[in-house]
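# Descriptive analysis of the structure
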Amino acid sequence: MRKLLLLGTILLSPAVAFAHEGHGGVGLFHHFVDLAPALALLAVIGVGFVWVKKRK
């Protein structure tokens, strides 16, 4: 699970660092509202996996 989270972070971090073409701002923070539900879902799934592993 740690390797999967690390891989996801590594793959997504360049997208956070630079704005895509057509925007003058730095970063994709202006898209946070669009990404927030997906990030919340990933957090819930991650907590669920940890809970299931510790329960056994």
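Described below are features of the structure shown in this document. Please read these numbers as outputs of a predicted model, since none were measured by experiment. Each chain has its residues counted from 1, running along the sequence as written. With pLDDT at 70 or above as the cut-off, local features in this predicted model cover only qualifying residues; side-chain atom pairs require 80 or more to be listed or tallied, and sums for whole chains, interfaces and linings still use all residues. In computing side-chain properties, one takes all heavy atoms of the structure into account and sets aside hydrogens as well as water.

What follows is about the overall build of the protein. Strands here mean DSSP runs of E at least two residues long; helices mean DSSP runs of H or I at least four residues long; both are numbered from the N terminus. When helices and strands are tallied, the protein shows two helices and zero strands. Summary of the burial criterion: residues with accessible area below 20% of their type's maximum are buried, those above 50% are exposed, and those between are partly exposed, where the area comes from a 1.4 Å probe applied to protein chains only. Classification of the 56 residues of the protein by burial places 4% in the buried group. Computed with the Shrake-Rupley method and a 1.4 Å probe, the accessible areas treat only the protein chains shown as cover for residues. About 5300 Å² of surface is accessible on the protein, with carbon and sulfur atoms providing 75% of the total.

Turning next to a nonpolar patch on the surface. Residues enter a patch when their relative accessible area is above 30% and they make no salt bridge; the linking distance is 9 Å between like charges and 5 Å between nonpolar side chains (Val, Leu, Ile, Met, Phe, Trp, Tyr). Should a side-chain nitrogen of Lys or Arg be within 4 Å of a carboxyl oxygen of Asp or Glu, the pair is scored as a salt bridge. Where nonpolar side chains cluster on the molecular surface, the patch consists of M1, L4, L5, L7, L11, L12, L41, I45 and F49 and spans about 930 Å² of accessible area. Elements that contribute at least two residues to the nonpolar patch include exactly helix 1 (2–17) and helix 2 (32–55). Broken down by element, the nonpolar patch gets its largest block of residues, five residues, from helix 1. As for its placement among the helices and strands, I45 is situated in helix 2. Residue class for I45 comes out partly exposed when judged on its relative accessible area of 40%.

This part is about the environment of L5. Checked against the element boundaries, L5 lands in helix 1. Taking the C-alpha atoms as reference points, L5 and G46, 41 residues apart in sequence, are found 8.9 Å from one another.

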